[in-house]
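Architecture and fold: a report
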Amino acid sequence: MEYRYKLNGGNLVVIDPNRNWDTGIYQCFATNSLGTIVSREAKLQFAYLENFKTKMRSTVSVREGQGVVLLCGPPPHSGELSYAWIFNEYPSFVEEDSRRFVSQKTGHLYIAKVEPSDVGNYTCVVTSIVTNARVLGSPTPLVLRSDGVMGEYEPKIEVQFPETLPAAKGSTVKLECFALGNPVPQINWRRSDGLPFSSKLKLRKFNGMLEIPNFQQEDAGSYECIAENSRGKNVARGRLTYYAKPHWVQIIKDVEIAVEDNLYWECRASGKPKPSYRWLKNGEALMLEERIQIENGALTIANLNVTDSGMFQCIAENKHGLIYSSAELKVVASAPDFSKNPMKKLVQVQAGSLVSLDCKPRASPRALSSWKKGEIIVQENDRISFLKDGGLKIVNVTKADVGTYTCTAENQFGKANGTTSLVVTEPTRIILAPSNMDVAVGESVVLPCQVQHDPLLGISFTWYFNGALTDFKKDGSHFEKVGGSSSGDLMIRNIQLKHSGKYVCMVQTEVDSVSSVADLIVRGSPGPPENVKVDEITDTTAQLSWKEGTDNHSPVISYSVQARTPFSVGWQAVTTVPEVIDGKTHTATVVELNPWVEYEFRVVASNKIGGGEPSLPSEKVRTEEAVPEVPPSEVSGGGGSRSELVITWDPVPEELQNGEGFGYVVAFRPLGVTNWIQTVVTSPETPRYVFRNESIMPFSRYEVKVGVYNNKGEGPFSSVTTVFSAEEEPTVAPSQVAANSLSSSEIEVSWNAIPWKLSNGHLLGYEVWYWNDGEEEESSSKVKVAGGETSARLRGLKSNLAYYTTVRAYNSAGSGPFSATVNATTKKTPPSQPPGNVVWNATDTKVLLNWEQVKAMENESEVTGYKVFYRTSSQNNVQVLSTNNTSAELLLPIKEDYIIEVKATTDGGDGTSSEQIRIPRITNMDARGSTSANLNVHPLSSYIPIVLFSIVNALW
């Protein structure tokens, strides 16, 4: 290792590399205690580009129309180059076209036909693709000769590719072709074998270059470049040959082989040409001898010994490259050892079967085996045989074969023993197997699986459904194992369609397994019919067809059809022909449909289990138009303004209009007249028509009917009904209007009924308008009373205030004139002071009351008397006693509590109530009290006990 080289791990570092000293092929050798391997070869090259020689270039003289080639002659270099030409001075580069071509193979500039504009100096520019260095040659002057113009001549191909050109797999191949000629030749390409070009091929530089990316074997062959002008054509041909570096088909892998065994190690590679092989051991060529041979890349070594161990490499190579595959050969020598592969301690088999006892200790070379049963040497016979791998085979095993078997393994390095105990058991048998079943959805079934087995053996049951292991946790809502230790019965609860299929009960012990199969058919209601189509549609019928869905193991008995429209509430059953559709029929005609309505249809199949899921809806279809058949309902009318006949009806629903252009024909005539007056209402949603004419008499009878029509024609009329024309409003005002003040907040207004004739219509009632002295008449209030009433009470008025009032009659046509205005003044408000100091005295038959006189204030109504309100505490029915005095006597049986209040009475109404008095029921003594009494009871004398109570507030 010189000072310019050092190792960094396994990497070689070259310090200040030099082209003259370091160019060459390098390999890395890796070594450890097991051997040595070498790396693939690494080639180190240096890219460079020297300068052109500075000598001047000769002038090139040509005739106009003649072709010319300007030579580049690159300087010494290494690495791929690219070429360009400068015309006169930088940066004016020659632009390539169908007349000018720069070859990237030679660097030369080719001009197919020189023109006067081509005269000038041409400089070749060479660039290193690796280093990006650029050098310029000396200019080459191009001038025109003066001895005439060159005539036309046929193409002369100056740039062409080699007769044979090797191309690597996966590479990009570029073929150049350019010709001189006058006129300028046209360049075209083709394959000599007539095959079409692959779509990946590209033509570049005005057809002067054919590019083939990702070259493959099918791209190999002969290619032709055709140069053609009006004077003739020329062809250049060349063959592309395919080559591929070697690549591995089979590599070698590490092997461990016992001493004295034979090694066969094969490595295989593909490539073109076909690779050759050589082998290395520990980085050096493998020396062949009688027991070491190589044939077609395969290495064989006979009678291995420990010194054959090491690192081996197989090398596959052709002229385009070489590849390495590395692996270790370990030759081992050891005495027999059962520690890594011990014999089974216990082998259980059933009587009558075959058993093999293994004896495979680790030993190099392979050990020879011998067997003992207990202390007796095992001999071969018609049932017992020794296996080549050292094992022991016994056929048709019996109980006599039970025992301990010892295998002794031996080679030249030592020997070892291993033992196995053989137990023979009775075979397992299924005594109650599952049977085929046929059930309906929702039922529960049990599939039995019960066995008889050797008591020495443990037993397990597993169930498979349609080949998949049953997961009792996941499917616990349906599947459950039931039964005892020798039973693996399967219960299926609430069985579903998905549970149809093949069920296998698998019974396993340590030595054998048995199984039994049963088919379970689950029958359910049918699946949805498919592909429901409307084949034909009329105004009231639809021809349907469908395909049968899954019958779920129960044949379809019948089908039913349902329909849905934008006007229906969900899906509705429809009438069909035939009325009952049997399970074999897949067409039906739906009848009694409404014209000009958009329908969807679906079909439901039924079998013995029940009705199934409905089909998907058909496509939406609209029935054809038809003349409307349903007239409007609830034809009536009346009311309106003077000289009007108002006719009303309930509009016909859209689903009954039967087509576009729907409207109404309104017909009417005075009672007793023959001819009808007709008019048309074009809006389907319109619910009324008003006929106005001054000749219409008030409250006249008319016969009315309303018909329907659409674009298809006129439909029927409704039945004739009688409608009155508009009434005439009242023409006279009520007379004898009087107003009377009732209290501080009420006035009663009365009047005489107006004279009325039936021809004027129906009197609806009277309006009473009123306003007070401080209001404008425009802001008046009003109350209405029925036509039979001749008085009205005005409530909620202000006290001691004059009110004005007037009355008018009204009917449906309007209101009549107002009466004369009358007035009345409301009374003053009743006294605000309640009766005070109410005193009572009660016996078992009566109550005596006394209170203080109430005196009204100046702005209050004078007291005219008093009212005593009384009731029992258990009832709400209040009784009233009126008196002009400040005392009262109530003849009451005091058998329960009484509640009493006292109010002053005036023209303006009742005054403020006294506090409530509660008089307790009397048992056997008199009682007295007042509004100032307490709840305490005080005996006032030794003979008359007096009970004093406080007043209890209550709401009447």
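Every value quoted in this text rests on a predicted model; they were computed, and no experiment measured them. (Residues numbered from 1 in each chain as written. Predicted model: local features only at pLDDT ≥ 70, side-chain atom pairs only at ≥ 80, totals over all residues. Heavy atoms only, no water.)

A word on the overall build of the protein
Our working rule: The helix count covers DSSP runs of H or I at least four residues long, the strand count covers runs of E at least two residues long, and both are numbered beginning at the N terminus. Note that the radius of gyration is over C-alpha atoms, with the globule rule given as 2.2 Å times the number of residues to the power 0.38. The classification of residues rests on relative accessible area computed with a 1.4 Å probe and restricted to protein chains. Under 20% of the type maximum is buried, over 50% is exposed, and intermediate values are partly exposed. We call two residues in contact whenever any of their non-hydrogen atoms come within 4.5 Å of each other. The protein chains shown are the only cover counted for residues, whose accessible areas, like all others here, come from Shrake-Rupley with a 1.4 Å probe. As used throughout, the charge tally considers Lys and Arg to be positive and Asp and Glu to be negative, leaving His and the chain termini uncounted. One atom stands in for each charge, and that atom is NZ of Lys, CZ of Arg, CG of Asp or CD of Glu.
In terms of helices and strands, the protein carries 1 helix and 90 strands. Since a compact globule built from 956 residues should have a radius of gyration of about 30 Å, the 63 Å found for the protein marks it as more spread out than a globular shape. Looking at the 956 residues of the protein, the share that counts as buried comes to 39%. The contacts in the protein between residues at least 6 apart in sequence include a share of 63% that link residues at least 24 apart. Accessible area of the protein: about 51,900 Å², with a carbon and sulfur share of 48%. Separation of charge centres in the protein, based on 92 positive and 107 negative side chains, amounts to 9 Å.

Quick notes on unusual backbone geometry
The peptide bond linking Tyr-90 to Pro-91 adopts the cis configuration, its omega dihedral lying at 5°. One can find Pro-91 in the loop between strand 11 (81-87) and strand 12 (100-102). For the bond running from Asn-182 to Pro-183, omega is 5°, close enough to zero to count as cis. Tracing the chain through its elements places Pro-183 in the loop between strand 20 (178-182) and strand 21 (186-191).

Considerations on the state of the cysteines
Convention followed: Here, the term disulfide refers to a pair of cysteine sulfur atoms separated by no more than 2.5 Å.
One pass over the full model with this rule turns up 5 disulfides. Between the sulfur atoms of Cys-359 and its disulfide mate Cys-407 the distance is 1.9 Å. Across the disulfide from Cys-359 to Cys-407, rotation about the S-S bond amounts to roughly -75°, and the bridge is consequently left-handed. Taken together, the residues span a long stretch of sequence, with Cys-359 in the loop between strand 37 (355-357) and strand 38 (362-364) and Cys-407 in strand 43 (residues 403-411) at a distance of 48 residues. Comparing Cys-359 with Cys-407, the two get one shared label, buried. The disulfide partner of Cys-449 is Cys-505, and the gap between their sulfur atoms is 1.9 Å. Note on the Cys-449 and Cys-505 pair: the S-S dihedral is about -80°, so by sign convention the disulfide is left-handed. Here Cys-505 lies in strand 53 (residues 501-508) and Cys-449 lies in the loop between strand 47 (445-447) and strand 48 (450-452), a separation of 56 residues in the sequence. When its relative accessible area of 0% is taken as the criterion, Cys-449 is described as buried. The cystine pairing of the protein, numbering bonded cysteines in sequence order, is 1-2, 3-4, 5-6, 7-8, 9-10. Distance from the sulfur of Cys-28, which forms no disulfide, to the nearest cysteine sulfur (Cys-314) is 20 Å.

Some points on the sheet that holds strand 30 (residues 284-285)
Under the convention used in this document: For two strands to count as paired, DSSP must find a minimum of two bridges between them.
With mixed pairing, 5 strands are arranged side by side in an open sheet as 26-34-33-29-30. Where the open sheet ends on each side, the last strands, each with one partner, are strand 26 (255-258) and strand 30.

Things to note about the pairing of strand 43
Strand direction decides the pairing type here: strand 39 (residues 368-373) and strand 43, joined by 6 bridges, are antiparallel. Bridging across to strand 43, Ser-369 finds its partner in Ala-409. Where strand 43 and strand 44 (residues 414-425) come together, 9 bridges link them in antiparallel fashion. Directly across from Thr-404, in strand 44, lies its bridge partner Ser-421. Where strand 43 hands over to strand 44, the hairpin turn is made up of 2 residues, counted between the paired strands.

So, the pattern of salt bridges
Worth spelling out the cut-off: Each salt bridge in this description consists of a side-chain nitrogen of Lys or Arg and a carboxyl oxygen of Asp or Glu lying within 4 Å of one another.
Going through the model one piece at a time under the given rule, you end up with 36 salt bridges. Residue Asp-219 pairs with Lys-200 through a salt bridge whose shortest N-O separation is 2.8 Å. Taken together, the residues Asp-219 in the loop between strand 23 (209-212) and strand 24 (221-229) and Lys-200 in the loop between strand 21 and strand 22 (202-204) connect sequence positions 19 residues apart. A salt bridge links Arg-493 to Glu-480; the shortest N-O distance between them is 2.5 Å. Note that Arg-493 is positioned in the loop between strand 52 (489-492) and strand 53 and Glu-480 in strand 51 (residues 479-482), a separation of 13 residues in sequence. For Glu-480, a relative accessible area of 30% corresponds to the partly exposed category. The structure contains a network of salt bridges with shared partners spanning Glu-746, Glu-748, Arg-793 and Arg-795.

So, the environment of Leu-263
Take Leu-263: it is sitting in strand 27 (residues 263-266). Residue Leu-263 is classed as buried on the basis of its relative accessible area of 4%. Spatially, the C-alpha atom of Leu-263 lies 85 Å from that of Val-580, the residues being 317 residues apart in sequence.

Section: the packing of aromatic side chains
Given two aromatic rings, their pairing is described by the distance between the two centres and the angle made by the two planes. Rule in force here: Here the aromatic set is Phe, Tyr and Trp, taking the six-membered ring for Trp, and pairing holds for ring centres within 6.5 Å; pairs whose planes are under 30 degrees apart are stacked, those over 60 apart are edge-to-face, and all others are tilted. For a ring to carry a charge above it, either NZ of a lysine or CZ of an arginine must fall within 6 Å of the ring centroid while also lying within 35 degrees of the normal to the ring plane.
This structure, assessed with the given rule, holds 24 aromatic pairs. Above the face of the Trp-676 ring, Lys-705 is positioned so that its terminal group lies 4.4 Å from the ring centre. One residue, Lys-784, lies across the ring of Tyr-810, its end atom 4.7 Å from the ring centre.

A closer look at the confidence of the model for the protein
Heads up, the rule is: One number per residue, pLDDT, summarises how confident the predictor is, and it ranges from 0 to 100.
The pLDDT averaged across the protein works out to 89; a share of 95% of its residues lies at or above 70. For the stretch residues 932-956, pLDDT sits under 50, and the model shows 43 contacts to residues farther than four places along the chain or on other chains.

Re the sheet that holds strand 22
Which entries qualify depends on this criterion: Axis lines are fitted through C-alpha atoms, for helices just across the contact stretch, and the angle between N-to-C directions can take any value from 0 to 180 degrees.
Pairing is antiparallel across the open sheet formed by 3 strands, whose spatial order is 19-23-22. If you trace the sheet from one side to the other, it starts and ends with strand 19 (173-176) and strand 22, each paired once. In this sheet, neighbouring strand axes are inclined to one another by 25° on average, regardless of whether the strands run parallel or antiparallel. Two strands pair when backbone bridges link them, and strand 19 and strand 23 are joined in this way by 4 bridges, in the antiparallel orientation.

Overview of the side chain of Thr-906
Test applied: Polar contacts, as counted here, are pairs of nitrogen or oxygen atoms within 3.5 Å of one another; within protein the pair requires one atom able to donate a hydrogen and one able to accept it, and residues that are adjacent in sequence qualify only if both atoms are side-chain atoms.
Position of Thr-906 among the secondary structure elements: in strand 85 (residues 898-906). Here Gly-909 takes part through its backbone oxygen, which lies 2.7 Å from a polar atom of the side chain of Thr-906. Here Thr-906 is in contact with Pro-830, Pro-831, Ser-861, Glu-862, Val-863 and Thr-864, once residues within four sequence places are set aside.

Examining the environment of Thr-821
Positionally, Thr-821 belongs in the loop between strand 78 (814-815) and strand 79 (822-825). Among the residues examined, Thr-821 registers a relative accessible area of 44% and is labelled partly exposed. Separated by 686 residues in the primary sequence, Thr-821 and Val-135 place their C-alpha atoms 127 Å from one another. Apart from residues no more than four positions distant in its own chain, Thr-821 is found in contact with Trp-771, Tyr-804, Thr-805 and Thr-806.

Remarks on a nonpolar patch on the surface
Worth spelling out the cut-off: Residues form patches when they are more than 30% accessible in relative terms and have no salt bridge. Like charges link within 9 Å. Nonpolar side chains (Val, Leu, Ile, Met, Phe, Trp, Tyr) link within 5 Å.
On the surface, a nonpolar cluster with roughly 180 Å² of combined accessible area is contributed by Val-119, Val-143 and Leu-144. Structurally, Val-143 is set in strand 16 (residues 140-149).

Considerations on the environment of Lys-281
Inspection of the secondary structure puts Lys-281 in strand 29 (residues 276-281). Along the primary structure Lys-281 and Gln-313 are separated by 32 residues, whereas in three dimensions their C-alpha atoms are 6.4 Å apart. In this structure, Lys-281 is in contact with Leu-286, Thr-307, Asp-308, Ser-309, Met-311 and Phe-312, ignoring residues within four places of it in sequence.

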